[in-house]
Amino acid sequence: MLGLLGFYDELESLPSRPNGSIHDALRPAGEPDEADLVAYLDAGHVLIDVMEGGRDVVSGSAHRHSLGCSSLVTDGVWLWRRDFPHYVEAHHVLVPTAFMGHVRGLSYQMPALISAEFASHYDETMPLVGWASAVPWRSPVAVLEPQSRAVTSRAEFDAAMLAQERNRPHGKWAKPRKPRA
């Protein structure tokens, strides 16, 4: 079975999520290598891409992983939601020691996904995260190499949100109607 990261009660409508309440995982400061851990999480293999939008369940604000937030991502050993890096970065949620050791042992480099080794772990884990209807893992490719993809940094996202707020006009949007004669 895959290790599970970021499946908190507040993020899903299903009770008893594997990682409990996010409020129990919040910390005032993160690990010294938190930026490297976040970059690793951002580079994971996307397994299931969900089209949706979400908000930060702690602050209520939009964040850089709001789009597709419950999409599933893996490194072949661990499974996490696409928005998990946001919670590590913004709220310094507790990250399992075993995961940190795993990532540090890989020098923060996303490994290739070996389909034959991964299939049974995927099939066993999907029902535990609410995807009981997911089809069994079948990939036409024996080895999935990590694909680089553009990921907006937190600073870029925050700057774009500030610019959007500055450019948004305030007041009434509708033109007044002329009275009928």
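Here the structure is a predicted model, which is why all the values come from computation and not from measurement. Chains are numbered independently. Their residues run from 1 in the order of the written sequence. Per-residue local features are limited, in this predicted model, to residues with pLDDT of at least 70; the limit for side-chain atom pairs, both in listing and counting, is 80 or more; totals at the level of whole chains, interfaces and linings are taken over all residues. Only hydrogens and water are set aside; all other atoms, that is, all heavy atoms of the structure, feed into the side-chain values.

## Side note on the sheet that holds strand β1 (residues 3–5)
Read across the open sheet, the four strands follow the order β1-β4-β3-β2; overall the sheet is mixed. Pairing within the sheet leaves two strands with one partner each, and these edge strands are β1 and β2 (45–48). On average, adjacent strands in this sheet sit at an angle of 30° to one another, irrespective of strand direction. Two strands form a pair only when DSSP identifies at least two bridges running between them. Helix and strand definitions follow DSSP, with helices as H or I runs of at least four residues and strands as E runs of at least two, each counted in order from the N terminus. Across three bridges, strand β3 (residues 72–74) lies against strand β4 (residues 78–81) in antiparallel orientation. Each bridged residue has a counterpart across the sheet, and for valine 73 the counterpart in β4 is tryptophan 80. To get an axis, a line is fitted to the C-alpha atoms, and for a helix only the part in contact is used. The angle between two axes follows their N-to-C directions and goes from 0 to 180 degrees.

## Thoughts on the environment of alanine 142
Mapping alanine 142 onto the fold places it in the loop between α4 (115–125) and β6 (143–144). In sequence terms alanine 142 and serine 115 are 27 residues apart; their C-alpha atoms lie 5.2 Å from each other. When checking whether two residues touch, look at their non-hydrogen atoms; a contact exists if any pair is within 4.5 Å. Setting aside its immediate chain neighbours within four residues, alanine 142 contacts Leu113, Ile114 and Ser115.

## Examining the side chain of serine 115
Position of serine 115 relative to the elements: it lies in helix α4. Exposure is judged per residue with a 1.4 Å probe applied to protein chains only, and the accessible area is read against the type maximum: over 50% gives exposed, under 20% gives buried, and values in between give partly exposed. Among the residues examined, serine 115 registers a relative accessible area of 8% and is labelled buried. Leaving out residues up to four positions away in the same chain, serine 115 has contacts with Trp137, Ser139, Val141 and Ala142.

## Remarks on helix α3 (residues 97–105)
All of the buried residues along α3 are Phe99, Met100 and Val103. Buried residues in α3, looked at end-on, bunch into an arc of 100°, giving them a common side. Summarising the geometry of α3, the exposed residues directed more than 90 degrees from the buried face are Thr97, Ala98 and Gly105. Structurally, α3 contributes buried residues whose contacts are with β1, α1 (34–42) and β4. The arc under discussion is defined with respect to the helix axis, by the directions toward the C-beta atoms.

## Points about the packing of aromatic side chains
Here a pair means two rings of Phe, Tyr or Trp (six-membered ring of Trp) with centres within 6.5 Å. Their orientation is stacked below 30 degrees between planes, edge-to-face above 60, and tilted elsewhere. Overall, the coordinates contain seven aromatic pairs when judged by the stated rule. For the pair tyrosine 40 and tryptophan 80, a centre-to-centre distance of 6.4 Å together with 40° between the ring planes defines the contact as tilted. Here the residue tyrosine 40 occupies a position in helix α1, and tryptophan 80 occupies one in strand β4, the gap between them amounting to 40 residues. When sorted by exposure, tyrosine 40 lands in the same class as tryptophan 80, which is buried.

## Points about the confidence of the model for the protein chain
Confidence along the protein chain averages 84 in pLDDT terms, with 87% of residues attaining 70 or more. Each residue gets a pLDDT score, which is the predictor's confidence in that residue and runs from 0 to 100. Averaged pLDDT values for the elements of the protein chain fall to 69 in helix α5 (residues 154–167) and rise to 97 in α3.

## Describing the packing of α1 against α3
Between α1 and α3, the shortest axis-to-axis distance is 11 Å and the interhelical angle comes to 85°. Taken together, the axes of α1 and α3 are roughly perpendicular relative to one another. Touching Leu37, Tyr40 and Leu41 of α1 are Phe99, Met100, His102 and Val103, all from α3. Classifying every residue of the contact of α1 with α3 by side-chain character gives six nonpolar, one polar and no charged. Any angle that falls under 35 degrees is termed roughly parallel, while one over 145 is termed roughly antiparallel, one within 65 to 115 roughly perpendicular, and all others oblique. Classification convention: Asp, Glu, Lys, Arg as charged; Ala, Val, Leu, Ile, Met, Phe, Trp, Tyr, Cys, Pro as nonpolar; all other residues, Gly among them, as polar.

## Focus: unusual backbone geometry
Phi is positive for histidine 92, which is not a glycine, with a value near 55°. Counting through the fold element by element, histidine 92 comes out in the loop between α2 (84–91) and α3. A positive phi is found at serine 107, a non-glycine position, where the angle reads about 55°. Tracing the chain through its elements places serine 107 in the loop between α3 and β5 (113–114). When its relative accessible area of 49% is taken as the criterion, serine 107 is described as partly exposed.

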